[in-house]
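Now for the letters of each chain:
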Amino acid sequence: QVQLVESGGGLVQAGGSLRLSCAASGRTFSTYTMGWFRQAPGKEREFVAGIRRSGGSPYYADSVKGRFTISRDNAENTVYLQMNSLKPEDTAIYYCAARRYSSGSAYFAGEYDYWGQGTQVTVSS
């Protein structure tokens, strides 16, 4: 069992930046594939970014590619999402997720085993 706690959300103007953090409990963080998802009001939860256990070859949704960067620090049990050039359409609750026993990529919410409580990101125009 792992617990995930997101932080770093807030209100920012369009064009601004935010850095989200997700702290994980436990001693097996380095064995999990990690991902960020988001859910806007009235919409389904969607994939944003993912990163493999080793931290290599991160992958992104087309809507954030070139603007967002996912990274992880296995020594600190933390995964980050650096968000630049934010747009109003990035407004959503952002969730951190962990997938056990996987060394590959995972793009779908159903592939993840553990979820954080979410952090609100609001981008004003």
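Please refer to the structure higher up on the page.
Residues numbered from 1 in each chain as written. Predicted model: local features only at pLDDT ≥ 70, side-chain atom pairs only at ≥ 80, totals over all residues. Heavy atoms only, no water.

## Things to note about the state of the cysteines
On inspection of all chains with the given rule, the structure shows one disulfide. Through a disulfide, C22 is tied to C96; the S-S separation comes to 2.1 Å. Taking the sign of the torsion about the S-S bond as the criterion, the disulfide between C22 and C96, at about -75 degrees, is left-handed. One end of the pair, C22, is in strand β3 (residues 18-24); the other, C96, is in strand β9 (residues 92-99), and 74 residues separate them in sequence. Like C22, the residue C96 is buried in the burial classification. (Disulfide = S-S within 2.5 Å. Helix = DSSP H or I, 4+ residues; strand = E, 2+ residues; numbered from the N terminus. Buried < 20%, exposed > 50% of the residue type's maximum accessible area, 1.4 Å probe, protein only.)

## Quick word on the side chain of N77
Tracing the backbone through its elements, the reader meets N77 in the loop between β7 (68-73) and β8 (78-83). If we skip the residues at most four places from it in the chain, N77 touches C22, A23, A24, S25, G26 and F29. (Contact = heavy atoms within 4.5 Å.)

## A look at the pairing of strand β4 (residues 33-39)
Within a regular strand, side chains alternate between the sheet's two faces. Taken across its seven residues, β4 has six buried, putting it largely inside the fold. Pairing analysis gives seven bridges linking β4 to β9, with the strands arranged antiparallel. Bridging across to β9, F37 finds its partner in Y95. With five bridges connecting them, β4 and strand β5 (residues 46-51) associate as antiparallel partners. Its bridge partner being in β5, F37 is matched across the sheet by F47. Where β4 folds back onto β5 in an antiparallel hairpin, the turn is made up of six residues, including G42, whose phi is positive at roughly 75 degrees. (Pairing = 2+ DSSP bridges.)

## Regarding the nonpolar core
In a soluble, globular protein the nonpolar side chains are often hidden away together inside. Grouped together as the largest cluster of nonpolar side chains are 37 residues, with contacts concentrated most on L4, M34, W36, V79, L81, M83 and Y94. Going through the elements one at a time, β3, β4, β5, β6 (59-60), β7, β8, β9 and β11 (119-124) are the ones with two or more residues in this core. Sort the elements by how many residues they give to this core and β9 lands first, with five residues. (Core = buried A, V, L, I, M, F, W, Y, C linked by side-chain atoms within 4.5 Å.)

## Looking at the environment of N77
Since its relative accessible area comes to 16%, N77 is described here as buried. Taking the C-alpha atoms as reference points, N77 and A24, separated by 53 residues in sequence, lie 5.4 Å from one another.

## Notes on the packing of aromatic side chains
The relation between two aromatic rings is expressed through the spacing of the ring centres and the mutual angle of the planes. Tallied over the full model, the rule gives eight aromatic pairs. Here F37 and Y112 contribute two aromatic rings whose centre-to-centre distance is 5.2 Å and whose plane-to-plane angle is 80 degrees, an arrangement assigned as edge-to-face. Of this pair, F37 sits in strand β4 while Y112 sits in the loop between β9 and β10 (114-115), and the two are 75 residues apart along the sequence. For the pair shown, F37 and Y112 are each scored as buried. Ring pairing ties together the aromatic residues F37, F47, Y59, Y107, Y112 and W115, which thus form one cluster. (Phe/Tyr/Trp six-rings, centres within 6.5 Å; stacked < 30°, edge-to-face > 60°.)

## So, unusual backbone geometry
Non-glycine residue S57 carries a positive phi angle of around 50 degrees. Inspection of the secondary structure assignment puts S57 in the loop between β5 and β6. Judged by its relative accessible area of 52%, S57 is exposed. At N77, a position not held by glycine, the phi torsion is positive, near 55 degrees.

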